[in-house]
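Per-entry structural report
Residue-level listing of the chains:
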Amino acid sequence: MTEATQTATAEKEWAAWAAIDWADQKHAWILLPAGEREPETGEVESTPEAVDAWAAELQQRFAGRPVAVCLEQRRGPLVYMLAKYAHLVLFTVHPTTAAQYRETFAPSGAKDDRNDAASLLDLLLRHRDRLRPLEPDTVETRLIQFLAEERRQMVDLKTAQSNRLKACLKLYFPQILQWFGDVSTPLVGDLLERWPTLEQLQRSHPGTLGKFFREHNCRSQEWIEERVAAIRNAVPATNDQAALRAGVATARGLVGLIEKLRSHIASLDQQLAELAAEHPDGALFRSFPGAGKVLVPRLIAAFGTRRERFDKAYEVQCYSGIAPVTRASGNNHQVHFRWACPKFLRQTFHEYAGHSLVKSPWARAFYDHLRQEEHKNHHAAVRALAYKWIRIIFRCWKDGKPYDERIHLQSLERHGQARVGLSAVSTKFKWNTVAGFQKFSTNNS
């Protein structure tokens, strides 16, 4: 927690402390007014009207003074229902933290909604200084975050449907997979809509096929002639009418789903591009090598606009899951991959580091060093690179200054940390291993 957050929290004079255990139908709540010894308990239905009545009752009862509310959610329906009330200060707790705290006094694993709410209240009362009150970012930044996460989910869904289409085509029309690399493209979708079987495709005139391919931006006459010849010489995978008819029905349904998903993703891309262009930090994040139209919005969402949210880059490295976890006990010392973290956030930094390899000379050199000399696998090397990028991006974000590769490399040279030939095609570095990660050596030859 930052000093600013601690100060703001300490200055509040709480009228009451409350905790709510979220449920699908009814939420169990527990409330302890200031100065009282015995808490009050109850239930509230999950409808917006019921939650509004509960919040309004607290506002009237405590004359609008702040009430601390502990929830086992960071995002979700109940959080958004309660966040609109100024007198409710929300403290969101990670589910793992809540579960382990509850099991501290109930090792048998016994639980119910009221006891869960009581455990959250106890956590709030005893360890509020270690909890971070919910402070939403700007509307523009949160909108980018929602849309970026939605886009990722749609891309994953499109990939899943594409894999289903591949499995279907392997059964009755496997030649499509040989002729075209990506079955999710409009070309493959339109072809299967017009000629869903090899037999129907082979009955079409070569001129018709040539026109079809040209309409889908296939300009190479040689490629078109090779594809038409391959169609003429193809042999059906099966003559079983049951398999053929079922395959056609499935393929057409999947083609329709993929087309809808592709259209939705394109719409999200357009919205994200417009939002990123208008965002105050859009130019800053566009300055990083390898950050294109997809990753710029994701980096904006990763850091946000509230500079007081993080004090050090290491906080971002740990929270995102890029920094490893150290386990030490006696003579045993292990450093391993961090499992508990926001997966989308970790994926953002991992993907950005991978894209930076083709745009940043020092990033490429660092990655090659890990792969060739340290014998790291691809993902371990990319994570180590992401660890370094977070420190650089964090500093630029804190200072509000765009990234400049030349300034960064000159700074390393000035401090005697690296010898870099800025004009060289192949940039060489010397690295040392420190705490499982690589740092520039001060003894470069």
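This write-up is about the structure you can find in this document. Values in this document were obtained by computation on a predicted structure and should not be read as measured data. (Residues numbered from 1 in each chain as written. Predicted model: local features only at pLDDT ≥ 70, side-chain atom pairs only at ≥ 80, totals over all residues. Heavy atoms only, no water.)

**Quick word on the pairing of strand β1 (residues 16-21)**
Of all six residues in β1, six are buried; the element is thus mostly enclosed. Pairing of β1 with strand β2 (residues 26-33) involves six bridges; the strand directions are antiparallel. Within the sheet, the bridge partner assigned to I20 lies in β2 and is W29. Count of turn residues in the β1/β2 antiparallel hairpin: four residues. As paired elements, β1 and strand β4 (residues 67-71) share five bridges and run parallel to each other. For W17, the partnering residue across the bridge sits in β4 and is A68. (Buried < 20%, exposed > 50% of the residue type's maximum accessible area, 1.4 Å probe, protein only. Helix = DSSP H or I, 4+ residues; strand = E, 2+ residues; numbered from the N terminus. Pairing = 2+ DSSP bridges.)

**Topic: helix α18 (residues 378-399)**
Here α18 is 22 residues long and its end C-alpha atoms lie 32 Å apart, about the 32 Å a rise of 1.5 Å per residue gives. The N-capping residue of α18, defined by a side-chain oxygen 3.2 Å from the backbone nitrogen of H379, is N377. Positive backbone phi, at 70°, marks G400, one or two positions downstream of α18. (Expected span 1.5 Å × (residues − 1). Polar contact = N/O pair within 3.5 Å; in protein donor to acceptor, adjacent residues only side chain to side chain.)

**Concerning unusual backbone geometry**
With phi around 55°, A63 is a residue other than glycine that occupies positive phi space. With respect to the helices, strands and loops of the structure, A63 is situated in the loop between α2 (48-61) and β4. You will see that H375, though not glycine, has its phi angle at about 60°, which is positive. Following the sequence through the fold, H375 ends up in the loop between α17 (361-372) and α18.

**Brief notes about helix α10 (residues 206-215)**
It helps to recall that an α-helix has 3.6 residues per turn; residues three or four apart then point in one direction. Regarding α10, the residues found buried are L209, G210, F212 and F213. Buried residues along α10 cover an arc of 160° about the axis, so they all sit on one side. Opposite the buried face of α10, by more than 90 degrees, sit the exposed residues K211 and E215. Next to the buried residues of α10 lie α8 (186-194), α9 (198-202) and α11 (221-233). After α10 finishes, the residue N217 shows a positive phi value of roughly 65°. (Arc of directions from axis to C-beta. Contact = heavy atoms within 4.5 Å.)

**Observations concerning the side chain of T141**
Along the chain, T141 turns up in helix α6 (residues 139-172). Setting aside chain neighbours within four positions, we find T141 in contact with H279, I300, G304 and T305.

**Structural notes on the pairing of strand β5 (residues 88-92)**
With five of five residues buried, β5 is to be regarded as a mostly interior element. Taken together, the five bridges between β4 and β5 define a ladder with parallel strand orientation. Bridge pairing in β5 places C70 opposite F91. Running through helix α3 (residues 77-82), the crossover from β4 to the neighbouring parallel element β5 is right-handed. (Right-handed = clockwise from strand over helix to strand, strands pointing away.)

**As for the nonpolar core**
Generally speaking, a soluble globular protein has its nonpolar side chains buried in company with each other. The biggest cluster of nonpolar side chains holds 54 residues, and the ones touching the most others in it are F285, F288, F303, F349, W362 and W389. The greatest single-element share of this core, amounting to 13 residues, is contributed by α18. The contact partners of F288, leaving out residues within four places of it in the chain, are Y352, W389, I392, I393, C396 and Y403. Judged by nonpolar contacts, the second largest core, of 30 residues, contains F180, L187, F213 and A234. (Core = buried A, V, L, I, M, F, W, Y, C linked by side-chain atoms within 4.5 Å.)

**Some thoughts on the sheet that holds β5**
Reading across the sheet, the five strands line up as β3-β2-β1-β4-β5 and stay open at both edges, with mixed pairing between neighbours. Strands with a single pairing partner mark the edges of an open sheet, and in this sheet they are β3 (40-45) and β5. Geometrically, the sheet is characterised by an average inter-axis angle of 25° between neighbouring strands, direction not taken into account. Where helix α5 (residues 113-127) meets the sheet, it contacts β1, β2, β3, β4 and β5, and its direction lies at approximately 140° from that of β1. (Axes fitted to C-alpha atoms, helices over the stretch in contact; angles between N-to-C directions.)

**Some points on the environment of H378**
Tracing the chain through its elements places H378 in helix α18. Here H378 is in contact with Y367 and R371, once residues within four sequence places are set aside.

**Examining the packing of aromatic side chains**
For the structure on display, the rule yields 23 aromatic pairs. Both rings, one in F173 and one in W179, keep their centres 6.3 Å apart while their planes meet at 85°; by these two values the pair is edge-to-face. Summarising the burial analysis for this pair, F173 and W179 share the class buried. Considering the side-chain rings of F303 and W397, the 5.3 Å spacing of their centres and the 50° angle between planes classify their relative orientation as tilted. In this pair, F303 sits in helix α14 (residues 295-303) while W397 sits in helix α18, placing the two residues 94 residues apart along the sequence. Members of the aromatic cluster, joined through ring pairs, are F285, F288, F303, F310, Y319, F349, Y352, W362, W389, F394, W397 and Y403. It is R227 that lies over the ring of F180; its NZ or CZ is 5.8 Å from the centre. Positioned above the aromatic ring of F366, the side-chain terminus of K388 is 5.6 Å from the ring centre. (Phe/Tyr/Trp six-rings, centres within 6.5 Å; stacked < 30°, edge-to-face > 60°. Lys NZ or Arg CZ within 6 Å of the ring centre and 35° of its normal.)

**Things to note about the packing of helix α4 (residues 95-105) against α5**
When two helices pack together, you describe them by how their axes are tilted relative to each other and by the distance separating the axes. At a minimum axis separation of 10 Å, α4 and α5 run at an interaxial angle of 95°. In terms of their interaxial angle, α4 and α5 are classed as roughly perpendicular. Contacts between α4 and α5 involve A98, Y101 and R102 on the former and, on the latter, D116, S119, L120, D122, L123, R126 and H127. Taken together, the residues of the contact of α4 with α5 sort by class into four nonpolar, two polar and four charged. (Parallel < 35°, antiparallel > 145°, perpendicular 65-115°, else oblique. Nonpolar A, V, L, I, M, F, W, Y, C, P; charged D, E, K, R; others polar.)

**Observations concerning the pattern of salt bridges**
Scanning the model with the defined rule gives 14 salt bridges in all. D269 is the partner of R151 in a salt bridge, and the nearest nitrogen-oxygen pair spans 2.4 Å. With R151 in helix α6 and D269 in helix α12 (residues 241-278), this residue pair connects regions lying 118 residues apart in the sequence. Notably, a salt bridge pairs R307 with D281, separated by 2.8 Å at the nearest N-O pair. (Salt bridge = Lys/Arg side-chain N within 4 Å of Asp/Glu carboxyl O.)

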